[in-house]
Amino acid sequence: MGYLKIDRVVKTYASGPKVTEVLSDIRLTIDKGEFVSIIGHSGCGKSTLLNLIAGLTQVTTGAIMLDGREVNAPGPDRAVVFQNHSLLPWLTVYDNVRLAVSKVFGSKKTKAERHDWIMQNLDLVQMSHAADKRPGEISGGMRQRVGIARALAMEPKILLLDEPFGALDALTRAHLQEAVMEIHARLGNTMIMITHDVDEAVLLADRIVMMTNGPAATIGEVLPVNIPRPRNRIALAANPDYLRAREAVLRFLYERHRFVEAAE
Amino acid sequence: MSVTALKPKAAPVAKPSAQVLPLPVTPRRSNRAAAAGRVFAERIAPPLVVLTVLLAIWQLAFSGVGSSLPAPSDVWTQSRELITSPFYVYGTQDIGLGWRVLTSLERVAYGFGLAAVVGVLVGAVIGQSVLMMRGFDPIFQVLRTVPPLAWLPISLAAFMDSRPSAIFVIFITAIWPIIINTAAGVRAIPQDYRNVAAVLRLNQVEFFWKIMVPSAAPYIFSGLRIGVGLSWLAIVAAEMLTGGVGIGFFIWDAWNSSRLTDIIVALLYIGVTGFVLDRLVGWIGRVVSRGTSE
């Protein structure tokens, strides 16, 4: 049995008499320690799927099970790294992470242990030098690093990344992809990452979940990426497995499920 | 921009050898003096000039014999003691205007303090729900426009005593903008922050202190700022009717004994105090909500 099991999940939104099916019959099983990328055109409901796993939105029918327990509310066992970092601007970097740590480990760790844990997580994303800065004083890439540190500091069963690098420039994005790969290698977390970047999906993931276009989007294809880790983006540029995977995703997105702007 | 005029060249014959001249060491200080001068010219001089002109016009307009209102010079000659020594005490009813302002401020502190606490809490609760907002908002919008003094008879009837009545009038005047602004601030909390709170499973109290108050602080403080201004309006009006030793009653008393110059001095005190209150709340707001907006 998988660690995270998404079983026949349907999500509909009702506005008055009109019912829109956003996600239809999603079935996916993810193993512990696996890195899964979810890719699809915008509006295909991939963020909705992530919100369902996070418990921020409720499934209409079907069920999501994590480690044998049903997901029906948000919680720190499913930490989310949001697209726009969502750091609290009035708190310093340290205090942003501390808010999470003292909530999750308030009774389990002593004050000194909590401090060490906060610094350890900031070290992990190389942000301990900016511990006393406010989010407004650091760059977008740094904020996203802190967002990852905050999520990791909750010691989640699964880390959910909602297009975390979508708003960053290409170079910063590459740095953060390296950071995420390193963290995944070091800690072995289960991670789900939403992305619309084909290279990012192939580089990071063990499996790529490709979604069809909405409304009533569902999983069109699941592509295993059998490239050994650690992966190096320069070496991969000429790797036939990498190119084949990349081509498969591109074909799916641009041939079979081409995004039609006026789909409605 | 200044253009330095080039000196006409002197005859090259006269100078036998180069001379080393020590450079003046003072330009720093003169720079600073110049900066201070600029601040004075840009910030302090304009209001002073306007004030002087206004006082002059006032003086000219009312210095004639038999004019209905006193001129500034009359105010100075007749009510000098009120201006120069705000904190004298000659008897229970004969005290300096500084004391009277403080007495009024004490009432404002009770009424406004209560309004701030209740207003923020009620606003926080109402702002959480669209339905509550829809239900309450029209009522608040109507009650908000009721002038402070209109509440006074009701509160006198309810409390049967002037002191709590005055405080209640301040409370009921100041609370509406605080509620309305807090509710608006709570509605404006970004969904991102709510998601963070949800993932962390913050409870209601933690959410209130850690997310809601800091996030809505700019809104809350603009409500508090309007509220404190209204409180100060209300206290003067309420004291004129309820008596006591406050600044409002002083004006009423001065009117009854035809001391018009005293009233003018009192107006000055009220104006300055209101201004200070407004700036104080504004300043606290800026300090507290520092960092809220990136």
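These numbers come from a predicted model, not from an experiment.

Turning next to helix α3 (residues 111-124) of chain A. Because each turn of an α-helix spans 3.6 residues, side chains separated by three or four positions end up pointing in the same direction. All names here are of chain A. Taking 1.5 Å per residue as the helical rise, α3 with its 14 residues ought to reach 20 Å, and the 20 Å between its terminal C-alpha atoms agrees with that figure. Listed as buried for α3 are Arg 114, Trp 117, Ile 118, Asn 121, Leu 122 and Leu 124. Take α3 and look down its axis: the buried residues cluster within an arc of 160°, on one side only. Contact partners of the buried residues in α3: α2 (93-105), α4 (140-153) and α5 (170-187). Positive phi shows up at Gln 126, right after α3, with a value of about 55°.

Looking now at the pattern of salt bridges. Across all of its chains, the model carries 19 salt bridges over all chains by this definition. Salt-bridge contacts for Asp 278 of chain B lead to Arg 225 of chain B; the nearest nitrogen and oxygen are separated by 3.1 Å. With a gap of 53 residues between them, Asp 278 of chain B in helix α11 (residues 260-288) and Arg 225 of chain B in helix α9 (residues 204-242) connect regions that are remote in the sequence. Taken together, the salt bridges that share partners define one network made up of Glu 247, Arg 251 and Glu 255 of chain A.

Tallying the contact residues gives 23 residues for chain A and 19 residues for chain B. Here chain A packs against chain B, burying approximately 1,900 Å² in sum over the two surfaces, 66% of which is carbon and sulfur. Between Lys 103 of chain A and Glu 206 of chain B there is a salt bridge, with its nearest N and O atoms 2.8 Å apart. In this assembly, chain A and chain B are joined by five residue pairs in polar contact (both at pLDDT 80 or more). Sorting the residues of the side of chain A that touches chain B by element identifies β6 (78-81), α2 and α4 of chain A as the ones contributing at least two each. Looking at side-chain class alone, the side of chain A that touches chain B contains 13 nonpolar, five polar and five charged residues.

On to a nonpolar patch on the surface, then. On the surface, Val 49, Val 50, Val 53, Leu 54 and Ile 57 of chain B cluster together into a nonpolar patch covering about 450 Å² of accessible area. Tracing the sequence through the fold places Ile 57 of chain B in helix α1 (residues 27-62).

On to the packing of aromatic side chains, then. We describe a pair of aromatic rings using the distance from one ring centre to the other and the angle between the two ring planes. Inspection of every chain in the model, using the stated rule, returns nine aromatic pairs over all chains. With 6.1 Å between their ring centres and 80° between their planes, Phe 105 of chain A and Trp 117 of chain A make a pair best called edge-to-face. Of this pair, Phe 105 of chain A sits in helix α2 while Trp 117 of chain A sits in helix α3; the two residues are 12 residues apart in sequence, bridging distant segments of the chain. Look at Phe 168 of chain B and Phe 171 of chain B: their rings are 6.3 Å apart centre to centre, the planes differ by 35°, and that puts the pair in the tilted class. Placement of both Phe 168 of chain B and Phe 171 of chain B in helix α7 (residues 162-187) is noted, with a separation of three residues, approximately one turn of the helix.

A few words now on the sheet that holds strand β5 (residues 69-70) of chain A. Residues and elements named next belong to chain A. Spatially, the four strands line up as an open sheet ordered β2-β1-β4-β5, and their pairing is antiparallel. Of all the strands in the sheet, just β2 (18-30) and β5 have a single pairing partner and so form its edges. Bridge count for strand β1 (residues 4-15) against strand β4 (residues 61-66) is five bridges, and the pairing is antiparallel. When the sheet's bridge partners are listed, Leu 4 is paired in β4 with Leu 66. On top of the sheet, helix α1 (residues 46-54) reaches β1, β2 and β4; it is set at about 115° to β1, its chief contact.

Residue and element names in this part refer to chain A. Strands sit in the order β6-β7-β8-β3-β9-β10 across an open sheet of six strands; the sheet is mixed. Every interior strand has two partners, whereas the edge strands, β6 and β10 (219-224), have only one. Recorded for the sheet is a direction-independent mean angle of 20° between the axes of neighbouring strands. Two strands pair when backbone bridges link them, and strand β7 (residues 158-162) and strand β8 (residues 190-195) are joined in this way by five bridges, in the parallel orientation.

Okay, the side chain of Ser 86 of chain A next. Structurally, Ser 86 of chain A can be placed in the loop between β6 and α2. Residues contacting Ser 86 of chain A, with those up to four places away along its chain left out, are Arg 150 of chain A together with Asp 192 and Val 196 of chain B.

Interfaces are often sized by the amount of accessible area the parts lose when they come together. Residues and elements named next belong to chain A. Annotation of chain A at the domain level lists domain 1 (31-56 + 70-77 + 158-264) and domain 2 (86-155). Relative to domain 2, the C-alpha centre of domain 1 lies at a distance of 25 Å. Between domain 1 and domain 2, the residue contacts involve 14 residues of the former and 11 residues of the latter. Together domain 1 and domain 2 conceal approximately 1,100 Å² of surface at their shared face, both sides included; 77% is due to carbon and sulfur atoms. In this assembly, domain 1 and domain 2 are joined by zero salt bridges. Our count for the domain 1 to domain 2 interface comes out at one residue pair in polar contact (both at pLDDT 80 or more). Broken down by element, the residue count for the side of domain 1 that touches domain 2 peaks at eight residues, all from α5.

The next subject is the packing of helix α4 (residues 97-127) of chain B against α9 of chain B. Residue and element names in this part refer to chain B. Interhelical geometry of α4 versus α9 gives an angle of 140° and a closest axis separation of 8 Å. The crossing of α4 and α9 is right-handed. Along the contact surface, α4 presents Val 101, Ser 104, Leu 105, Arg 107, Val 108, Phe 112, Ala 116, Val 120, Leu 121 and Ala 124, while α9 presents Phe 208, Met 212, Ile 220, Leu 224, Gly 227, Val 228, Ser 231, Trp 232, Ile 235 and Glu 239. Looking at the contact of α4 with α9 residue by residue, the class counts come to 15 nonpolar, three polar and two charged.

Attention now moves to the packing of α2 of chain A against α3 of chain A. Residue and element names in this part refer to chain A. Where α2 meets α3, the axes come as close as 10 Å, and the angle between the chain directions of the two elements is 125°. Put simply, α2 runs oblique to α3. In the crossing of α2 with α3, the sense of the turn from one axis to the other is right-handed. Contact with α2, carried on its side by Val 93, Tyr 94, Val 97, Arg 98, Val 101, Ser 102 and Phe 105, involves Arg 114, His 115, Trp 117, Ile 118, Met 119 and Leu 122 of α3 and no other residues of that element.

It is worth spelling out α2 of chain A at this point. Look at α2 of chain A: 18 Å from first C-alpha to last across 13 residues, which is about the 18 Å you get at 1.5 Å a residue. Of the positions making up α2 of chain A, those classed as buried are Val 93, Tyr 94, Asn 96, Val 97, Leu 99, Ala 100, Val 101, Val 104 and Phe 105 of chain A. Looking at the packing, one finds that the buried side of α2 of chain A touches α3 and α4 of chain A together with α8 (191-200) and α9 of chain B.

Here the focus is the pairing of β2 of chain A. Along a regular strand, successive side chains alternate from one face of the sheet to the other. All names here are of chain A. In this structure, β1 lies alongside β2, joined through nine bridges in antiparallel fashion. Of the residues in β2, the one forming a bridge with Ala 14 is Val 19. Between β1 and β2, which pair antiparallel in sequence order, lie two residues; one of them, Gly 16, sits at a positive phi of approximately 65°.

What counts, and at which threshold
- Residues numbered from 1 in each chain as written.
- Chains lettered and ligands numbered in written order.
- Predicted model: local features only at pLDDT ≥ 70, side-chain atom pairs only at ≥ 80, totals over all residues.
- Heavy atoms only, no water.
- Helix = DSSP H or I, 4+ residues; strand = E, 2+ residues; numbered from the N terminus.
- Expected span 1.5 Å × (residues − 1).
- Buried < 20%, exposed > 50% of the residue type's maximum accessible area, 1.4 Å probe, protein only.
- Arc of directions from axis to C-beta.
- Contact = heavy atoms within 4.5 Å.
- Salt bridge = Lys/Arg side-chain N within 4 Å of Asp/Glu carboxyl O.
- Buried area = accessible area lost by both parts, 1.4 Å probe.
- Polar contact = N/O pair within 3.5 Å; in protein donor to acceptor, adjacent residues only side chain to side chain.
- Nonpolar A, V, L, I, M, F, W, Y, C, P; charged D, E, K, R; others polar.
- Patch = residues over 30% accessible without salt bridge, like charges linked within 9 Å, V, L, I, M, F, W, Y side chains within 5 Å.
- Areas by Shrake-Rupley, 256 points an atom, 1.4 Å probe, with all protein chains shown as cover.
- Phe/Tyr/Trp six-rings, centres within 6.5 Å; stacked < 30°, edge-to-face > 60°.
- Pairing = 2+ DSSP bridges.
- Axes fitted to C-alpha atoms, helices over the stretch in contact; angles between N-to-C directions.
- Domains from an automatic or database assignment.
- Left-handed = near helix turned anticlockwise from the far one by under 90°.
- Parallel < 35°, antiparallel > 145°, perpendicular 65-115°, else oblique.

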